[in-house]
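Residue strings, one per chain:
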Amino acid sequence: MPYRAYVTVSRVKEKEMEHKRPVIASVSSGKGGVGKTFVTVNIGAYLAHRGKKVLIVDCDLGLANIDVMIGVKPSLTLKEAIFEDKIIDDIAIHTKHGFDFVPASSGAIEMAQLMYEDIEKIKEGLTRLAQHYDMIILDTGAGISESVLQFNLFANKNIILLNRELTSLTDAYATIKVIYQAFGRNSFNIIVNSTKNEEEAKRIFNHIDSICKRFLGFPLQYLGHIVYDDVVPRSIMKQETLLTHQDQSTPAINCASIAENIVSWQ
Amino acid sequence: MNRSPLPEDRHTIAKILSKKNLERPLLTKISGSKPKAMLILLDYLSRHERQIVENITHPIIDLEDDLLKKIVELEEENARLRSQALIDGLTGLYNNRFFRLQLETEMARTRRTGLSCCLLMIDLDNFKMINDTRGHLEGDRFLAQTAQTFSQCVRAVDIVCRYGGDEFVAILPSTRQFVAIRIANRFKNAVREIPGATGYNVSASIGIAEFTVSSPWDENKFIQSADFAMYEAKSKGGNQVCTTGYHRKIDGGLEPVSIQEKDAISSIRDSEQGQGERDGA
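For clarity, every value in this text was computed on a predicted model and none was experimentally measured. (Residues numbered from 1 in each chain as written. Chains lettered and ligands numbered in written order. Predicted model: local features only at pLDDT ≥ 70, side-chain atom pairs only at ≥ 80, totals over all residues.)

### Observations regarding the overall build of chain B
What chain B contains, in helices and strands, is eleven helices and five strands. By sequence separation, contacts in chain B at least 24 residues apart represent 66% of the contacts at least 6 residues apart. (Helix = DSSP H or I, 4+ residues; strand = E, 2+ residues; numbered from the N terminus. Contact = placed C-beta atoms within 7 Å.)

### Points about the sheet that holds strand E1 (residues 23-28) of chain A
Residue and element names in this part refer to chain A. Read across the open sheet, the eight strands follow the order E3-E4-E2-E5-E1-E6-E7-E8; overall the sheet is mixed. Whereas interior strands pair on both sides, the edge strands pair on one side only; in this sheet they are strand E3 (93-94) and strand E8 (221-227). Relative to strand E5 (residues 135-140), strand E2 (residues 54-59) runs parallel, the two sharing six bridges. When the bridges of E5 are listed, Val54 appears paired with Met135. Sitting on the sheet, helix H2 (residues 36-49) is in contact with E1, E2, E5, strand E6 (157-162), strand E7 (188-195) and E8, with an inclination near 170° to E5. (Pairing = 2+ DSSP bridges. Axes fitted to C-alpha atoms, helices over the stretch in contact; angles between N-to-C directions.)

### Description of the pairing of strand E3 (residues 167-172) of chain B
Looking down a regular strand, the side chains alternate between one sheet face and the other. Residues and elements named next belong to chain B. For E3, the tally of buried residues reaches five of six residues, placing the bulk of the element in the interior. Judged from the six bridges that link them, strand E1 (residues 117-125) and E3 form a sheet pairing that is antiparallel. The residue bridging Leu119 from the neighbouring strand is Ile171, located in E3. In this sheet, E3 lies alongside strand E2 (residues 159-164) in antiparallel orientation, the contact comprising five bridges. Its bridge partner lying in E3, Val160 is registered against Ala170. Connecting the antiparallel pair E2 and E3 is a turn made up of two residues, with Gly165 showing a positive phi of about 50°. (Buried ≥ 20, exposed ≤ 12 C-beta atoms within 10 Å, placed from the backbone.)

### So, the packing of helix H10 (residues 198-216) of chain A against helix H10 (residues 259-266) of chain B
The contact between H10(A) and H10(B) brings their axes to 10 Å, and the two run at 160°. With respect to H10(B), the axis of H10(A) lies roughly antiparallel. For the crossing formed where H10(A) meets H10(B), the hand is right-handed. In contact with A:Ile211, A:Arg214 and A:Phe215 of H10(A), H10(B) contributes B:Glu261, B:Ala264 and B:Ile265. (Parallel < 35°, antiparallel > 145°, perpendicular 65-115°, else oblique. Left-handed = near helix turned anticlockwise from the far one by under 90°.)

### Some thoughts on the nonpolar core
One finds A:Leu55, A:Ile136 and A:Leu138 to be the most contacted residues of the largest nonpolar core, which totals 89 residues. For this core, the leading source of residues is helix H9 (residues 166-183) of chain A, giving nine residues. Once residues within four sequence positions are removed from consideration, A:Leu55 is found in contact with A:Ala92, A:Phe99, A:Asp100, A:Val102, A:Leu129, A:Tyr133 and A:Ile136. B:Leu119, B:Val169, B:Phe187 and B:Ala197 belong to the second largest nonpolar core, which has 44 residues in total. (Core = buried A, V, L, I, M, F, W, Y, C linked by C-beta atoms within 7 Å.)

### Things to note about the confidence of the model for chain A
Within chain A, residue pLDDT values average 90, and 92% of them lie at 70 or more. Note that pLDDT drops below 50 for residues 1-11 of chain A; the model gives that stretch 32 contacts with residues more than four away or on any other chain. (pLDDT = per-residue confidence, 0-100.)

### Some thoughts on unusual backbone geometry
All names here are of chain B. At Asn126, a position not held by glycine, the phi torsion is positive, near 65°. Residue placement: Asn126 occurs in the loop between E1 and helix H6 (127-134). Residue classification places Asn126 among the partly exposed positions, given that 14 C-beta atoms sit within 10 Å. Even without being glycine, Asn201 reaches a positive phi, approximately 55°. Turning to its location among the elements, Asn201 is positioned in the loop between helix H8 (177-193) and strand E4 (203-211).

### Quick word on the environment of B:Phe222
Residue and element names in this part refer to chain B. Tracing the backbone shows Phe222 in helix H9 (residues 219-235). For Phe222, a count of 23 C-beta atoms within 10 Å corresponds to the buried category. Measuring from C-alpha to C-alpha, the distance between Phe222 and Glu210 comes to 8.1 Å, with twelve residues separating the pair along the chain. Filtering out sequence-adjacent residues up to four positions away, Phe222 remains in contact with Leu103, Met107, Leu119, Ala209, Phe211 and Trp217.

### Things to note about helix H5 (residues 96-113) of chain B
Residue and element names in this part refer to chain B. Between its terminal C-alpha atoms H5 stretches 25 Å, which fits the 26 Å expected from 18 residues at 1.5 Å a residue. Every buried residue of H5 is listed here: Phe99, Leu103, Glu106, Met107 and Thr110. Along the axis of H5, the buried residues cluster in a sector spanning 105°; they form a single face. Its buried side turned inward, H5 meets E1, E2, E3, E4 and H9. Positive phi shows up at Gly114, right after H5, with a value of about 85°. (Expected span 1.5 Å × (residues − 1). Arc of directions from axis to C-beta.)

Here's what the structure looks like:
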């Protein structure tokens, strides 16, 4: 696995400083199927509901699917931004969920193998857009590919999502370790997804937290948990968020509380 | 008497031409990338070689033909200028000028692809001894041999150049430092195998610099960094490889998740199982 960027402030970041600086949060998990897209969309919806100007970016460039999750059919995506020189501002669309959204394309092999230069281009576009928002959430793909790492570097807050499965814990830890080693980041916000209850979530968090302290030498931050409930797959099937689907359910309350924690970041 | 060329004839001719190190001026590729015909200037060959070539080829060029003569002359002049500008006469390696051009290209490639490139700065230790005691001709022979040795140590994509004097450089495109170290060690060991190297205690001090997308270096800085690493190798007594780079300052390096870490993560299994039984009870 090539880790190529070292501790440094990228070209893009320096320009960003000149503008108002929104929170840019990346959502990663290492393992796929942990719920990155669901969590991104629902937290985005709750943040928007609280009056924040939110932009969600589908950074799973080769296998993007936020559009499917929220039921929109974009005609322009990041693919056009890179290969046809469309500007990202024109690609961003407003959604009924309250947040704006930059879609990517699915099954586009050329997007899965972007050059470093192309990823920089996306970052530059997002930096330009950033001044119009309070929050930008980057839904990265599974794995620790160069683009996943680069979007984690671009973000000023890194959210790591995990669930109770051992494979998820291992992959989440591996992702943390790679980002720490490659970029020197040592602050990660953990969301425990599909948990039985808060107690289990806390136990899982404490476990991974103690491993981070022991092997990497820093603690993790507990951002929240989302209890498993059938309303989650049902809301996804209906292409709605919990906010509109069933806002009194436990997962909905969990998402609202995570959004609340994120608001305090500003 | 001409006979029609056999497949092995091409090999015979190629051998003669490569011995003369004259492929470029002597071959002109006609029609696409596969040479269907070769332009061979017989004047370059010895009588014996000329005979071999004449035996298996049809002389198609009559040097009395003014136009053809002009073409041949131009081709010769072009090749001469090309090689003079970019090739080091003594060693046949690329020269410093080509090195600078290529380094610029490779750094641009790194910025585009995100893949690091490495630079090896190689200085021969105690080389002066050969010049001083055996004369400069012997020294030159040793340098030529070193060049040939280095050319054999690298991969097809790598570029070895003579930097000047007894200093060589190698550009290793799309290469991380840990791979560059392996190649540098190959250089280091190969130098000791050159006849006469051990007698005069000639060895190589090699400095490695890695250029990453986030290295704030220009070409000079890149070369300088490899230089510093090379000086370090020299100051430690030579015959070794040292590295430098614009690196993160975290101890422990870029390590994958260890077995200990995996075991520690998996240990949650035990406590969660117990928990499950308690929940169920």
